[in-house]
Amino acid sequence: MAKKVAFITGAAQGIGKAIAERLTKDGFAIAVADFNIEGAQKTADELNKTGQAIAVQLDVSKRDEVFAAVEKTVAELGDLNVVVNNAGLGPTTPIETITEEQFEKVYAVNVGSIYWGIQAAIKAFRDKGHGGKIINASSQAGQVGNPNLALYSGTKFAIRGITQTAARDLAKDGITVNAYCPGIVKTPMMMDIAHQVGQENGKDDEWGMKQFSKDIALGRLSEPSDVAACVSYLAGPDSDYMTGQALLIDGGMVFN
Ligand SMILES: NC(=O)C1=CN([C@@H]2O[C@H](COP(=O)(O)OP(=O)(O)OC[C@H]3O[C@@H](n4cnc5c(N)ncnc54)[C@H](O)[C@@H]3O)[C@@H](O)[C@H]2O)C=CC1
Ligand SMILES: CC(=O)C(C)=O
């Protein structure tokens with residue numbers, strides 16, 4: 001049987017890379033899609049030792065580039081079954097400091113990517129004559145406002161709204177749309193945020209990380225693989241009767 005194909009943005013490093021590794025173990029062929037093509041190629045080379053992967057360059061905020069990357073994936077890997085809209089930016093932005101330029105950039109990457117990823121997935125699924133699964137990266141910061149992350153939190157709340165709406169719009173086409181909401185994950189993005197928070201308070205990165213992590217019920221930070229395990233569920237058949245949901249993977253920070 002032909003392999004199922006997953007297209008994952010931001011998969012050169014961090015959570016996206018862990019998702020690519022996990023879905024390779026699950027038997028998917030992977031398109032490692034990232035702005036950073038050297039990093040994406042390195043991830044793809046590692047995945048090709050045990051599975052099948054290609055690297056694709058794109059800027060997720062550009063609609064044409066997202067469509068071209070998805071088309072390249074279908075042309076080279078033969079199909080498309082799962083799209084993970086994972087890439088995002090996480091700047092620390094005290095509310096009174098937010099500029100128009102930051103607003104346009106962060107919303108274009110974090111929210112624009114979700115619209116374009118969904119549209120490109122719909123086209124590819126329809127062209128192939130089947131449904132599929134769309135999985136979007138939100139955050140615990142898309143469930144509760146986090147201090148100094150007004151710009152970022154706003155985008156992650158928006159992603160939950162788009163996920164719910166798209167789930168309703170696309171169910172008739174056999175497409176499910178869900179989101180995942182990680183907590184505090186040990187990736188370059190989170191290290192940058194902790195560094196900035198530490199610096200602003202005259203403290204070190206570890207202190208900055210503690211400001212985000214002190215309320216985790218399970219008592220430890222998240223590994224990227226913790227998130228990838230839940231995305232594996234969203235990408236696989238066990239979640240077929242689930243759509244429009246935002247899965248919290250935060251070790252017990254936010255309780256809804
Ligand atoms: N690290 C954390 O604690 C959490 C992360 N998240 C979300 O998970 C997702 C992944 O986060 P991390 O792995 O931590 O981030 P990261 O910063 O470590 O990695 C992000 C990847 O996305 C790529 N990327 C950034 N902008 C891009 C663009 N315009 N076009 C294409 N690729 C682009 C980068 O090159 C990088 O490879 C993000 O959406 C983030 O908001 C959510 C909750 C917590
Ligand atoms: C970066 C992020 O998503 C946080 C702090 O939840």
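Everything that follows concerns the structure shown earlier in this document.
Computed from a predicted model, the values in this text were never measured in an experiment.

### Topic: the nonpolar core
- Phe7, Leu80, Ile118, Ile134 and Leu170 are the most contacted members of the largest nonpolar core, which totals 35 residues.
- Sorting the residues of this core by element identifies strand 1 (5-9), strand 2 (29-34), strand 3 (53-57), helix 3 (63-77), helix 4 (100-128), helix 5 (150-170) and strand 6 (175-182) as the ones contributing at least two each.
- Examining the composition of this core, we find that 9 residues originate from one element, helix 4, more than from any other.
- Excluding its chain neighbours within four sequence positions, the residues that come into contact with phenylalanine 7 are Ala31, Ala33, Leu58, Ala69, Val70, Thr73, Leu80, Val82, Val83 and Val84.
- Judged by nonpolar contacts, the second largest core, of 29 residues, contains Ala18, Phe28, Ala53 and Met242.

### A look at the site of ligand 1
- If you check the shell around ligand 1, you find 29 residues, and the closest are Asp34, Asn86, Tyr152, Val185 and Thr187.
- One nitrogen or oxygen atom from the main chain of phenylalanine 35 is found 3.2 Å from a nitrogen atom belonging to ligand 1.
- Note that a nitrogen atom of ligand 1 is positioned 2.9 Å from one of the backbone N or O atoms of valine 60.
- Here ligand 1 loses 92% of its free accessible area of 840 Å² to cover by the protein chains.
- Elements with a contribution of two residues or more to the shell around ligand 1: helix 1 (14-25), helix 5 and helix 6 (188-200).
- Here the shell around ligand 1 gets 3 residues from one element, more than from any other, and that element is helix 6.
- Residue composition of the shell around ligand 1, by class: 16 nonpolar, 10 polar and 3 charged.

### Some remarks on the side chain of serine 239
- Note on placement: serine 239 falls in the loop between helix 8 (224-235) and strand 7 (246-249).
- Residue serine 239 is classed as buried on the basis of its relative accessible area of 1%.
- At a separation of 3.1 Å, a polar atom in the side chain of serine 239 contacts the main-chain carbonyl oxygen of glycine 236.
- If we ignore the near neighbours within four places in the chain, the residues touching serine 239 are Lys133, Tyr233 and Leu234.

### Considerations on the sheet that holds strand 7
- Spatial strand order, 3-2-1-4-5-6-7: 7 strands in an open sheet with parallel pairing. Edge positions in the sheet fall to strand 3 and strand 7, since each of these pairs with one other strand and no more. Recorded for the sheet is a direction-independent mean angle of 20° between the axes of neighbouring strands.
- Of the strand pairs in this sheet, strand 1 and strand 2 are connected by 5 bridges, and their pairing is parallel.

### Here's the deal with helix 5
- Given a rise of 1.5 Å per residue, 21 residues ought to cover 30 Å, and the 30 Å separating the end C-alpha atoms of helix 5 matches this to within 8%.
- Of the positions making up helix 5, those classed as buried are Leu151, Tyr152, Ser153, Thr155, Lys156, Ile159, Ile162, Thr163, Ala166, Ala167 and Leu170.
- Looking at the buried positions of helix 5, the neighbouring elements they touch are helix 4, strand 5 (132-137), strand 6 and helix 6.

### A word on the pattern of salt bridges
- Within the structure shown, the criterion is met by 9 salt bridges.
- Measuring nitrogen to oxygen at the nearest pair gives 3.3 Å for the salt bridge that ties lysine 17 to glutamate 46. Here the residue lysine 17 occupies a position in helix 1, and glutamate 46 occupies one in helix 2 (residues 37-47), the gap between them amounting to 29 residues.
- Accessibility expressed as a relative area gives 31% for glutamate 46, which makes it partly exposed.
- A salt bridge links lysine 133 to aspartate 240; its shortest N-O distance comes to 2.9 Å. Residue lysine 133 is found in strand 5, and its partner aspartate 240 is found in the loop between helix 8 and strand 7; the two are separated by 107 residues along the sequence.
- One network of salt bridges, in which partners are shared, links Arg126, Lys172 and Asp173.

### Concerning the pairing of strand 1
- Burial of strand 1 is extensive: 5 of the 5 residues sit out of reach of the surface.
- What you see with strand 1 is no split at all: Val5, Phe7 and Thr9 on one side and Ala6 and Ile8 on the other are buried throughout.
- Read as a crossover between parallel neighbours, the route from strand 1 over helix 1 to strand 2 is right-handed.
- Two elements, strand 1 and strand 4 (residues 82-85), share 3 bridges in a ladder whose sense is parallel. When the sheet's bridge partners are listed, alanine 6 is paired in strand 4 with valine 82.

What counts and how
Residues numbered from 1 in each chain as written. Chains lettered and ligands numbered in written order. Predicted model: local features only at pLDDT ≥ 70, side-chain atom pairs only at ≥ 80, totals over all residues. Heavy atoms only, no water. Core = buried A, V, L, I, M, F, W, Y, C linked by side-chain atoms within 4.5 Å. Buried < 20%, exposed > 50% of the residue type's maximum accessible area, 1.4 Å probe, protein only. Helix = DSSP H or I, 4+ residues; strand = E, 2+ residues; numbered from the N terminus. Contact = heavy atoms within 4.5 Å. Near = heavy atom within 4 Å. Polar contact = N/O pair within 3.5 Å; in protein donor to acceptor, adjacent residues only side chain to side chain. Areas by Shrake-Rupley, 256 points an atom, 1.4 Å probe, with all protein chains shown as cover. Nonpolar A, V, L, I, M, F, W, Y, C, P; charged D, E, K, R; others polar. Pairing = 2+ DSSP bridges. Axes fitted to C-alpha atoms, helices over the stretch in contact; angles between N-to-C directions. Expected span 1.5 Å × (residues − 1). Salt bridge = Lys/Arg side-chain N within 4 Å of Asp/Glu carboxyl O. Right-handed = clockwise from strand over helix to strand, strands pointing away.

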